[in-house]
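Summary of structural features
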Amino acid sequence: MLQTRFERRGHEEDLDQAIAHQRETLALFPVDHPDRSTSLNNLATQLSLRFQHQGNDKDLDQAITLHREALALRPVDHPDQSSSLSNLAAELSSRFEYRGNDEDLDQAIALHSQALALFPDGHPDWPKSLNNLAVELSSRFYHQGNDEDLDQGIALHMQALALRPDSNDEDLDQGIALHMQALALCPDGHVDWPKSLYDLANQLSSCFQHRGNIEDFDQSAENLCCAWTLLTQHDPRQLAVHESLAKVYLSFHHSGLDDTGTGEDTDSLNVAMHQLNAAANVVSAGLLPRLRASLRCVRHARQHSHDTELEAYATSMQLLDTYMSTTASVSSRHNIMKNFPSSLAVDAASYAGDHAAALMKKFRGLSSLLAKPAANYPEAIPRVDVEAEETKYRCLVKDWNEAVEDIREIEGFSRFLLPPLFSDLQDAARDGPIIVLIASESSCDAIIIPHRQPPTNIQLPTNFEKLQRLVLAVQKAIDKGAGPTGKQPVLTKALRELWNDVVCPVVEILGGLAQ
């Protein structure tokens, strides 16, 4: 009953209690009890359901352990052996999708093969079993590149397809009608409501791609957005919803209907790229699905020359590094690297370099325009022209600020045109103290910043006007030549004053710090 209430209302506390009660029930059945396998299967199903909604892979691991135990209690002649084989295979497949370990996928295929062998031709579950095995073989082909898996997967799909009637427009309409009926049967708060919305949205998306009816697009996007709002922040299904939204908006972008104004934001490409990036950042979905989502984000950003390309590269490289460092299976790490574009790192570095160079060129150009002196308009110039120039200047300032912010997004340039942080100065002082000179009309000071000690302030025996005169004297002496026939005495005098008033006080304090 608690599980039923969870499915109707979606309260996680009900599912937690249902699992606790099911554990107590299982404890009542000894190993040789005929109902133990059923109790094991029920608990495994509930744990799998919680994993699907909360993304805690410990639940998935335990569900697999329980399914293995249930299968061991169901010998070949047991009527539920095929369902046990399929259940365990499905959970192993889920764990492969979540973590990417080849062993899980290999076991899932072996179990699906065993389940298929139990069904005679014409059995009502035979098409489903054919499809399950074909899907896993296709997955292994894409992951490992074995042609035999591809050939066998195609053959099985063809067998399954032969058992189904041809699809046409009537099938699409009937599919939508059935999904709508399923949605109508889910009351508000039902745990399957997001899934029903998701399934209906995908069917509508297929209709939009097939017919180009803008109403199908609107309804598909609306249902997906509604499904997303019903998911908790820890629900791993968020990734699938984000990816479906991206697919819908990419289809709309490619349809050329962007200019029809279907909403406040008609730039469907930007929405699609935002959704792909969001999919790659659903932490509860697991590293491998996020890694694959990030790669799709890279592909579409590059294909459309979108300004999220640099961010997409950074996300995919970070996820790849994390996945490689946390995956124990050598073969899995090898296969994921094989499936990744071999030039990914080079492409990322190249794009980052080109992007940085373009930004700096843009910044210099805008700075040059802003450096030009403002025009002095005589009274005869119409006010309209003056306002136009002022608007142009404000746009330049806005573009300049945006260019600066973009440059600060580049690694190593976060403090571009900003004063250095004190922590940065301390870190830079690891090879020797940093000396900061501050001159103002009120006082002239030097600050010594050591690597690990507090800073030391020194009030210098000079003033702002004197320092200005010394700077001018040094510049003139250098300009006129400081050789034997030049202004050597002038330069020497200026340097001596700088030593007495600025350098020597600092050196004396440094000597004390070094002791």
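Rules used throughout
Residues numbered from 1 in each chain as written. Predicted model: local features only at pLDDT ≥ 70, side-chain atom pairs only at ≥ 80, totals over all residues. Heavy atoms only, no water. Salt bridge = Lys/Arg side-chain N within 4 Å of Asp/Glu carboxyl O. Helix = DSSP H or I, 4+ residues; strand = E, 2+ residues; numbered from the N terminus. Buried < 20%, exposed > 50% of the residue type's maximum accessible area, 1.4 Å probe, protein only. pLDDT = per-residue confidence, 0-100. Axes fitted to C-alpha atoms, helices over the stretch in contact; angles between N-to-C directions. Parallel < 35°, antiparallel > 145°, perpendicular 65-115°, else oblique. Left-handed = near helix turned anticlockwise from the far one by under 90°. Contact = heavy atoms within 4.5 Å. Nonpolar A, V, L, I, M, F, W, Y, C, P; charged D, E, K, R; others polar. Pairing = 2+ DSSP bridges. Expected span 1.5 Å × (residues − 1). Arc of directions from axis to C-beta. Polar contact = N/O pair within 3.5 Å; in protein donor to acceptor, adjacent residues only side chain to side chain. Phe/Tyr/Trp six-rings, centres within 6.5 Å; stacked < 30°, edge-to-face > 60°. Patch = residues over 30% accessible without salt bridge, like charges linked within 9 Å, V, L, I, M, F, W, Y side chains within 5 Å. Areas by Shrake-Rupley, 256 points an atom, 1.4 Å probe, with all protein chains shown as cover. Lys, Arg positive; Asp, Glu negative; His and termini not counted. Charge placed at Lys NZ, Arg CZ, Asp CG, Glu CD. Core = buried A, V, L, I, M, F, W, Y, C linked by side-chain atoms within 4.5 Å.

**As for the pattern of salt bridges**
As enumerated under the stated definition, the model contains 16 salt bridges in all. Among the ionic pairs, R50 bridges to D16, the shortest N-O distance being 2.9 Å. Here R50, found in helix α3 (residues 36–54), pairs with D16, found in helix α2 (residues 12–27); they are 34 residues apart in sequence, far enough to count as distant. Judged by its relative accessible area of 15%, R50 falls in the buried class. Between R140 and D106 there is a salt bridge; the shortest N-O distance is 3.0 Å. Residue R140 is found in helix α7 (residues 126–144), and its partner D106 is found in helix α6 (residues 102–117); the two are separated by 34 residues along the sequence.

**As for the confidence of the model for the chain**
Averaged over every residue, the pLDDT of the chain is 80; the share at 70 or more is 79%. Of all secondary-structure elements in the chain, the lowest mean pLDDT belongs to helix α16 (residues 330–339), at 62, while helix α4 (residues 57–72) reaches the highest, 93.

**Looking at the packing of α4 against helix α5 (residues 81–99)**
Here α4 crosses α5 at 155 degrees, and the two axes come no closer than 9 Å. By the angle between their directions, the pair α4 and α5 is classed as roughly antiparallel. Crossing hand, α4 versus α5: left-handed. Contact residues: D57, L60, D61, I64, H67, R68, A70 and L71 in α4; Q81, S84, L85, N87, L88, E91, L92, S94, R95, Y98 and R99 in α5. When its residues are assigned to classes, the contact of α4 with α5 shows 8 nonpolar, 5 polar and 6 charged.

**Regarding the pairing of strand β3 (residues 456–459)**
The pairing of strand β2 (residues 444–449) with β3 spans 4 bridges and is classified as antiparallel. Bridged to A446 within β3 is I458. In this structure, the hairpin formed by β2 and β3 is closed by a connection of 6 residues.

**Observations concerning the sheet that holds β3**
Backbone hydrogen bonds hold the strands of a sheet together, and the pairing may be parallel or antiparallel. Read across the open sheet, the 3 strands follow the order β1-β2-β3; overall the sheet is antiparallel. Edge strands, defined here as strands with exactly one partner in the open sheet, are β1 (434–439) and β3. Recorded for the sheet is a direction-independent mean angle of 20 degrees between the axes of neighbouring strands.

**Some thoughts on helix α8 (residues 147–162)**
Helix length check: α8 (16 residues) gives 23 Å between terminal C-alpha atoms against 22 Å at 1.5 Å per residue, within 8%. Those residues of α8 that fall on the buried side of the exposure criterion are D149, G153, L156 and A160. Buried residues of α8, viewed axially, fall in a sector of 70 degrees; they line one side. Exposed residues pointing more than 90 degrees away from the buried face of α8 are listed as D147, E148, D151, M158, L161 and A162. Regarding α8, its N-cap is N146, as a side-chain oxygen of that residue lies 2.9 Å from the backbone nitrogen of E148 further along.

**Observations concerning the packing of α5 against helix α14 (residues 287–303)**
Helix-helix packing is described using two parameters, namely the angle between the two axes and the distance between the axes. Interaxial distance between α5 and α14 falls to 4 Å at its minimum, and their mutual angle equals 55 degrees. The angle between the axes of α5 and α14 places the two elements in the oblique class. In contact with F96, E97, Y98 and R99 of α5, α14 contributes L287, L288, P289 and R292. The residue inventory of the contact of α5 with α14, partitioned by class, reads 5 nonpolar, no polar and 3 charged.

**Here we look at unusual backbone geometry**
Its identity as a non-glycine residue notwithstanding, S305 has a phi of 50 degrees, on the positive side. Tracing the sequence through the fold places S305 in the loop between α14 and α15 (309–326).

**Re the side chain of S84**
Within the secondary structure layout, S84 lies in helix α5. On the accessibility criterion, S84 (1% relative accessible area) is buried.

**Some points on α6**
Three or four residues apart is the spacing at which side chains of an α-helix point the same way, because the helix has 3.6 residues per turn. Over its 16 residues, α6 extends 23 Å from the first C-alpha to the last, a length consistent with the 22 Å expected when each residue adds 1.5 Å. Taken as a whole, α6 has its buried residues at D102, D104, L105, A108, I109, L111, H112, A115 and L116.

**Describing the packing of aromatic side chains**
Aromatic ring pairs are reported here in terms of the distance separating the ring centres and the angle at which the planes meet. Taken as a whole and judged by the stated rule, the model has 5 aromatic pairs. Taking the centre distance of 5.7 Å and the plane angle of 45 degrees together, the rings of F208 and F217 count as tilted. Aromatic pair F208 and F252: ring centres 6.1 Å apart, planes at 35 degrees, arrangement tilted. Of this pair, F208 sits in helix α10 (residues 193–211) while F252 sits in helix α12 (residues 238–255); the two residues are 44 residues apart in sequence, bridging distant segments of the chain. Through pairs of rings, three or more aromatic residues link up here, namely F208, F217, Y249 and F252.

**Comments concerning a negative patch on the surface**
Where like charges cluster on the molecular surface, the negative patch consists of D307, E311, D406 and E409. You can see E311 is positioned in helix α15. The exposure class assigned to E311 is partly exposed, which follows from its relative accessible area of 42%.

**Some points on the environment of A184**
Relative to the assigned elements, A184 resides in helix α9 (residues 169–184). Classification of A184 as exposed rests on a relative accessible area of 66%. For the pair A184 and S196, spaced 12 residues apart in sequence, the C-alpha to C-alpha distance is 9.1 Å.

**Let's talk about the nonpolar core**
Generally speaking, soluble globular proteins have nonpolar side chains that are buried together. Membership of the largest hydrophobic core comes to 23 residues, with the highest contact counts inside it found for F217, L224, Y249 and M273. Per-element tally for this core: the top contributor is α12, with 7 residues. Those residues in contact with Y249 that lie beyond four places of it in its chain are F217, A221, S268, V271 and A272. With 13 residues, the next largest nonpolar core counts I458, L491, A494 and V506 among its residues.

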